[in-house]
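These are the residues of each chain, in order.
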Amino acid sequence: QVQLVESGGGLVQAGGSLRLSCAASGRTFGAYAMGWFRQAPGKEREFLATITWSGGSTTVADSVKGRFTISRDNAKNTMYLQMNSLKPDDTAVYYCAAAISERNSYDYTGPNQYDYWGQGTQVTVSS
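Read on for an overview of the structure. Fair warning: this is a prediction, and the values are worked out from it, not measured in the lab. (Residues numbered from 1 in each chain as written. Predicted model: local features only at pLDDT ≥ 70, side-chain atom pairs only at ≥ 80, totals over all residues. Heavy atoms only, no water.)

Focus on the overall build of the chain
No. 1: Helix and strand content of the chain: zero helices and 11 strands.
No. 2: Each helix and strand of the chain, ordered N terminal to C terminal, gives the series β-β-β-β-β-β-β-β-β-β-β.
No. 3: In terms of overall dimensions, the chain is globule-like: its C-alpha atoms have a radius of gyration of 14 Å, near the 14 Å expected for 127 residues.
No. 4: On the principal axes, the C-alpha backbone points of the chain span a range of 40 × 30 × 25 Å.
No. 5: Considering the chain as a whole, with its 127 residues, one finds that 43% of them fall into the buried category.
No. 6: Put simply, 55% of the contacts in the chain that link residues at least 6 apart link residues at least 24 apart. (Helix = DSSP H or I, 4+ residues; strand = E, 2+ residues; numbered from the N terminus. Rg over C-alpha atoms; globule rule 2.2 N^0.38 Å. Buried < 20%, exposed > 50% of the residue type's maximum accessible area, 1.4 Å probe, protein only. Contact = heavy atoms within 4.5 Å.)

Following this line, the structure appears as structure tokens:
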């Protein structure tokens, strides 16, 4: 079992920044990738970014590229999402996720490609 806990969400004005953290505990050794998703009311869960745990390769969704940056600290089992130039459309519940195994057919942009999820943290951007 892997436990993921997001933190760092809150209320921010448009144009501001937030840094989200995802702390992993439990059986995290060997995890291949971790990712960030968000879900706004009435919308599907949206991919934001993913990072491989050992190599640090990243993929960022076009919708947030240039504003959001994903990173990780392997020693701390912690992943981060730095969000800059926030817009009201960024308002959503933000989730972190972990994928245990490498799979050739996966690009780790789909929610179904992850095994564990955090409880989510609310990000609200006011205009």
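Topic: the packing of aromatic side chains
No. 1: Across all of its chains, the model carries eight aromatic pairs by this definition.
No. 2: Between the aromatic rings of Tyr32 and Tyr108, the centroid separation amounts to 5.3 Å while the plane-to-plane angle is 45°, which identifies the pairing as tilted. Taken together, the positions of Tyr32 in the loop between β3 (18–26) and β4 (33–39) and Tyr108 in the loop between β9 (92–99) and β10 (116–117) put the pair 76 residues apart, joining distant regions of the chain.
No. 3: Classification of Tyr32 by relative accessible area gives partly exposed; the value is 24%.
No. 4: In textbook terms, an aromatic cluster arises when at least three aromatic residues are bridged by ring pairs, as seen for Tyr32, Phe37, Phe47, Tyr95, Tyr106, Tyr108, Tyr114 and Trp117.
No. 5: Arg19 extends its terminal NZ or CZ atom over the ring of Tyr80, reaching a point 5.9 Å from the ring centre. (Phe/Tyr/Trp six-rings, centres within 6.5 Å; stacked < 30°, edge-to-face > 60°. Lys NZ or Arg CZ within 6 Å of the ring centre and 35° of its normal.)

Here's the deal with the state of the cysteines
No. 1: Evaluated as defined, the whole model comprises one disulfide.
No. 2: Disulfide pairing is shown between Cys22 and Cys96; the S-S distance is 2.1 Å. In this structure the cystine formed by Cys22 and Cys96 twists about its S-S bond by roughly 60°; its chirality is therefore right-handed. Here Cys22 is found in strand β3, whereas its partner Cys96 is found in strand β9, with 74 residues between them in sequence. (Disulfide = S-S within 2.5 Å.)

From the geometry alone we can't say anything about function, so treat these as descriptive.
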